[in-house]
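Here is what each chain is made of, one letter per residue.
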4 protein chains.
Amino acid sequence: MGGTMDGTKQRRRGNTRQRIQEVALGLFAEQGYEKTSLREIAERLDVTKAALYYHFRTKEEILVSIFEDLSRPIEDLIEWGRRQPHSLETKQEIIRRYSAALMEAAPLFRFMQENQATIRELSIGDMFKTKMLGLRDILIDPDADLVDQVRCVSALFTLHAGMHVLQEVESDPGKRREAVLEVAVDLITQAHRHTAGD
Amino acid sequence: MGGTMDGTKQRRRGNTRQRIQEVALGLFAEQGYEKTSLREIAERLDVTKAALYYHFRTKEEILVSIFEDLSRPIEDLIEWGRRQPHSLETKQEIIRRYSAALMEAAPLFRFMQENQATIRELSIGDMFKTKMLGLRDILIDPDADLVDQVRCVSALFTLHAGMHVLQEVESDPGKRREAVLEVAVDLITQAHRHTAGD
Amino acid sequence: MGGTMDGTKQRRRGNTRQRIQEVALGLFAEQGYEKTSLREIAERLDVTKAALYYHFRTKEEILVSIFEDLSRPIEDLIEWGRRQPHSLETKQEIIRRYSAALMEAAPLFRFMQENQATIRELSIGDMFKTKMLGLRDILIDPDADLVDQVRCVSALFTLHAGMHVLQEVESDPGKRREAVLEVAVDLITQAHRHTAGD
Amino acid sequence: MGGTMDGTKQRRRGNTRQRIQEVALGLFAEQGYEKTSLREIAERLDVTKAALYYHFRTKEEILVSIFEDLSRPIEDLIEWGRRQPHSLETKQEIIRRYSAALMEAAPLFRFMQENQATIRELSIGDMFKTKMLGLRDILIDPDADLVDQVRCVSALFTLHAGMHVLQEVESDPGKRREAVLEVAVDLITQAHRHTAGD
DNA sequence: GATGAATGAGAATTCATTCAT
DNA sequence: GATGAATGAATTCTCATTCAT
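Per an unreviewed UniProt entry, chain A goes by TetR family transcriptional regulator and derives from Streptomyces tunisiensis.

Structure follows, in structure tokens:
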């Protein structure tokens, strides 16, 4: 009251929307979407539930907005990939960039991996599926052997899952990521070679 | 069968517990654990909610009982694996048998994959984690390169995820499974060769 | 199974009804009537809920039967008191015998004291009230001063409540009872003297 | 009152919390705590059950809040008593004031007397016990004869119980209270005289 | 940009009770 | 003398959502 202003209350100005997204994503990733209530989100932000409704029309919209904001890099990547020749180099680069994008938005993707059942019912389920199919179409040659198609998918899964596993074996996330990346690139490469006869 | 009467109501006798498990697993896999209410399960069985509570003490107990019953083959497999030499042949056989076990209890494992966030909070989360670590300890050589360790984990993930993907590319589940299996075995084999110098 | 018989199962023969009453009273006194479920009673007896219904028609009937069985001495006491002259000696004797009767059926009376709200709604509420009025009519002279009437009621309450209090001050229940008895007799005596001018 | 509108719906504003407490206490006292459901309370207030949960987190919290609000005078009394000399006059005054305090919050204390079993399990059980022990410590001389200690406790019980009894004998609550008070003061006085040799 | 008060729908769970065997 | 299986009605409680202020 009076004074020059600073500190908690003031910093809040205008970025409540984003703070909601951050806190919500944190809780969604930690506990799951259904187990996270709006009350909990509001409490952690020290606002009322009604305040959330000023910024978002529904609970689902909070999630959708997070997804839209955080998945843009992946969208861009796919866009980029589409315009490249489907060469081995491109594929390898896609894998590398995809891995980087996953890391950037790690909580979101952890959430998506652990809440597939929920997501399937929600609108982002379709959005995500569409994106993944876009990726797949770049990586997978439609003429390829079924086994090689599986390899491509496996590469993708390896990236997705690799982030959260093996934490006891290797604690340095950088090294872990590198190893995961190597396996993924390897799988893609094998798949490509068989088909292209390269 | 035979005798004075049969039909729906009579056949029910004594197998309600199992019917609950079946229906519940179906719904859990389809909609997720939290989105499936006991009302829904009861309605589908044409009994009252209270009847469910005669057979199980909580909603969670229904899930736990399903898990315990259906995951026994995997437990047996791990037990078997532990007593074998950690040779390449053993590892390959483990992968093959594991794949078969996953298929046997496909709905359960689909459920587990799609509801990880839920499961993590529940008691079966720990049970499952323990089992997976048991499997990993058989497949992974502790001296192996980190990359090869990732390959082993990747093989496991490929099996898990492979069942539910690529349905548009190859509609025959048998062929799909074979392809998935080949990729997994391949990954395991690569990992083993590097380490064993075979 | 065959043999001479002994031990738990055999001893049960024919006295299940009574065992139900005992266990039920124990739980009713400990936790209250409403918080004690038939499931709990059955579990403690290692029989099924349905077995309780072989012996009693309702939950309330269990309580009623306990009350009827255990409050008979008090009924007898009142009967006896009615036929005596309403002299001081009689009143003192009534108090003494009543105190003894309360001790005999301590759990029942503890239960009744701590569950008055419940009992009021149940049929034993009326039974009990009738009995207490009977007692009162013997102890209280209708011509007596209001204050002396209160003294008589107070004597009764002192007996009822005195059993469960002062446990920290005096751990010997015998001494406690004696002290309580002395106060009660004293109150009755005062009340009688004033009225009778004795 | 003044302004454009009034009447039932408007008057409600802002005092719902208190109205819940009033209605709840009424029902708790009439029927007992367990037999009173939140549905009943809500219906009587013409709000939904959920509205109760906006104001109180649990059913128990409703009771606790009532207890805290209504038992403050007693707390104050004990505080006051602690600072006085433990003379006969103080003790008599305590009894008088305690009696007045009981009348002020009669429904609460009737409830507490008739639902002891319930209260024992709830958190207010301990709060109440602590208060009563505080009172006792003022009234009872630790060197006193056991019988005199009983007299003090008996005085307290007489006050508590006296309010609800003898309604058929004397219908004027004022006179009843006076008579009860006299007996209680008498008991305290006797106890004090013996010990102090006054 | 947010709050206070409330709702309607629904969740899991518990209970006394019933009845064919 | 007792059980196994089930029911119907109720209970406490939680949630996403709304809206006047």
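Okay, back to it.
Two chain copies, one operation linking them: a rotation about an axis together with a shift along it. Structural alignment of chain C on chain D gives an RMSD of 0.1 Å, achieved by rotating through 180° and translating 0.0 Å along the axis. A rotation of that kind, with that shift, is consistent with a two-fold axis. Taking the C-alpha atom as reference, chain C places Asn115 of chain C closest to the rotation axis, 2.8 Å from it. Counting the interface residues of chain C, we find that 100% of their copies in chain D are interface residues as well, pointing to one common contact surface.

Our focus in this paragraph is the packing of helix H5 (residues 59-70) of chain B against helix H10 (residues 123-139) of chain B. Residue and element names in this part refer to chain B. Across the interface, H5 lies against H10 with an axial gap of 9 Å and an inter-helix angle of 20°. As judged from the angle between their axes, H5 and H10 are roughly parallel. The hand of the H5/H10 crossing is left-handed. Contacts between H5 and H10 involve Glu60, Leu63, Val64, Phe67 and Glu68 on the former and, on the latter, Ser123, Ile124, Met127, Phe128 and Lys131. Its residues assigned to classes, the contact of H5 with H10 comprises 6 nonpolar, 1 polar and 3 charged.

The subject of this paragraph is the interface of chain C and chain D. In this complex, chain C contributes 40 residues to the contact, which on the side of chain D involves 40 residues. Linking chain C with chain D are 6 salt bridges, by the criterion used here. One salt bridge in this structure joins Glu168 of chain C and Arg136 of chain D, with 2.8 Å as the shortest N-O distance. Secondary structure elements with two or more residues in the side of chain C that touches chain D: helix H2 (16-31), helix H8 (106-114), helix H9 (116-121), helix H10 (123-139), helix H11 (146-162) and helix H12 (173-196) of chain C. For the side of chain C that touches chain D, the element with the highest residue contribution is H11 of chain C, accounting for 10 residues. Class assignment for the residues of the side of chain C that touches chain D results in 16 nonpolar, 9 polar and 15 charged.

Another aspect to go through is the packing of aromatic side chains. On inspection of all chains with the given rule, the structure shows 16 aromatic pairs over all chains. Measuring from centroid to centroid gives 6.4 Å for Phe109 of chain C and Phe128 of chain C, while their planes differ by 50°, and the two rings are tilted. Taken together, the positions of Phe109 of chain C in helix H8 and Phe128 of chain C in helix H10 put the pair 19 residues apart, joining distant regions of the chain. In this structure, Phe109 of chain C and Phe128 of chain C share a single accessibility class: buried. Put simply, the rings of Phe28, Tyr33 and Phe111 of chain A pair up and form one aromatic cluster. Between Lys59 of chain A and the ring centre of Tyr33 of chain A, over which it is positioned, the NZ or CZ distance is 4.3 Å.

Time to look at the arrangement of the chains. The two units chain A and chain C never meet; even their closest C-alpha atoms stay 31 Å apart. Chain B shows no contact with chain C. Their nearest C-alpha atoms sit 12 Å apart.

Attention shifts here to the protein's contact with DNA strand F. With respect to spatial proximity, 34 residues lie near DNA strand F, and among them Thr48, Tyr54 and His55 of chain B, Thr48 of chain C together with Tyr53 of chain D are the closest. Counting only atoms of DNA strand F within 4 Å of the protein, the fraction found in sugar and phosphate groups is 62%. Between DNA strand F and Lys49 of chain A there is a distance of 3.3 Å, counted from a base oxygen to a side-chain nitrogen or oxygen. Lys59 of chain A is positioned such that a nitrogen or oxygen atom in its side chain is 2.8 Å from a phosphate oxygen of DNA strand F. Breaking the surface near DNA strand F down by element, the ones donating at least two residues are helix H3 (38-45) and helix H4 (49-55) of chain A, helix H4 (49-55) of chain B, helix H4 (49-55) of chain C together with helix H3 (38-45) and helix H4 (49-55) of chain D.

On to the nonpolar core, then. One finds Ile95 and Phe111 of chain A together with Ile95 of chain B to be the most contacted residues of the largest nonpolar core, which totals 121 residues. For Ile95 of chain B, the contacting residues outside a window of four places in its chain are Leu139, Ala155, Leu156, Leu159, Leu181, Ala184, Val185 and Ile188 of chain B.

On to helix H2 (residues 16-31) of chain D. Residues and elements named next belong to chain D. With 16 residues, H2 should cover 22 Å at 1.5 Å per step; its first-to-last C-alpha distance of 22 Å lies within 8% of that length. Every buried residue of H2 is accounted for by Thr16, Arg19, Ile20, Gln21, Val23, Ala24, Leu25, Leu27, Phe28, Ala29 and Gln31. After H2 finishes, the residue Gly32 shows a positive phi value of roughly 95°.

Unlike most non-glycine residues, Leu166 of chain C shows phi in positive territory, near 60°. Tracing the chain through its elements places Leu166 of chain C in the loop between H11 and H12. For Leu166 of chain C, a relative accessible area of 3% puts it in the buried group. In this structure, Asp46 of chain D takes a positive phi of about 60° despite not being glycine. Note on placement: Asp46 of chain D falls in the loop between H3 and H4. For Asp46 of chain D, a relative accessible area of 55% translates into the label exposed.

Conventions adopted
Residues numbered from 1 in each chain as written. Chains lettered and ligands numbered in written order. Predicted model: local features only at pLDDT ≥ 70, side-chain atom pairs only at ≥ 80, totals over all residues. Heavy atoms only, no water. Least-squares fit on C-alpha atoms with pLDDT ≥ 70 in both. Contact = heavy atoms within 4.5 Å. Axes fitted to C-alpha atoms, helices over the stretch in contact; angles between N-to-C directions. Helix = DSSP H or I, 4+ residues; strand = E, 2+ residues; numbered from the N terminus. Parallel < 35°, antiparallel > 145°, perpendicular 65-115°, else oblique. Left-handed = near helix turned anticlockwise from the far one by under 90°. Nonpolar A, V, L, I, M, F, W, Y, C, P; charged D, E, K, R; others polar. Salt bridge = Lys/Arg side-chain N within 4 Å of Asp/Glu carboxyl O. Phe/Tyr/Trp six-rings, centres within 6.5 Å; stacked < 30°, edge-to-face > 60°. Buried < 20%, exposed > 50% of the residue type's maximum accessible area, 1.4 Å probe, protein only. Lys NZ or Arg CZ within 6 Å of the ring centre and 35° of its normal. Near = heavy atom within 4 Å. Polar contact = N/O pair within 3.5 Å; in protein donor to acceptor, adjacent residues only side chain to side chain. Core = buried A, V, L, I, M, F, W, Y, C linked by side-chain atoms within 4.5 Å. Expected span 1.5 Å × (residues − 1).

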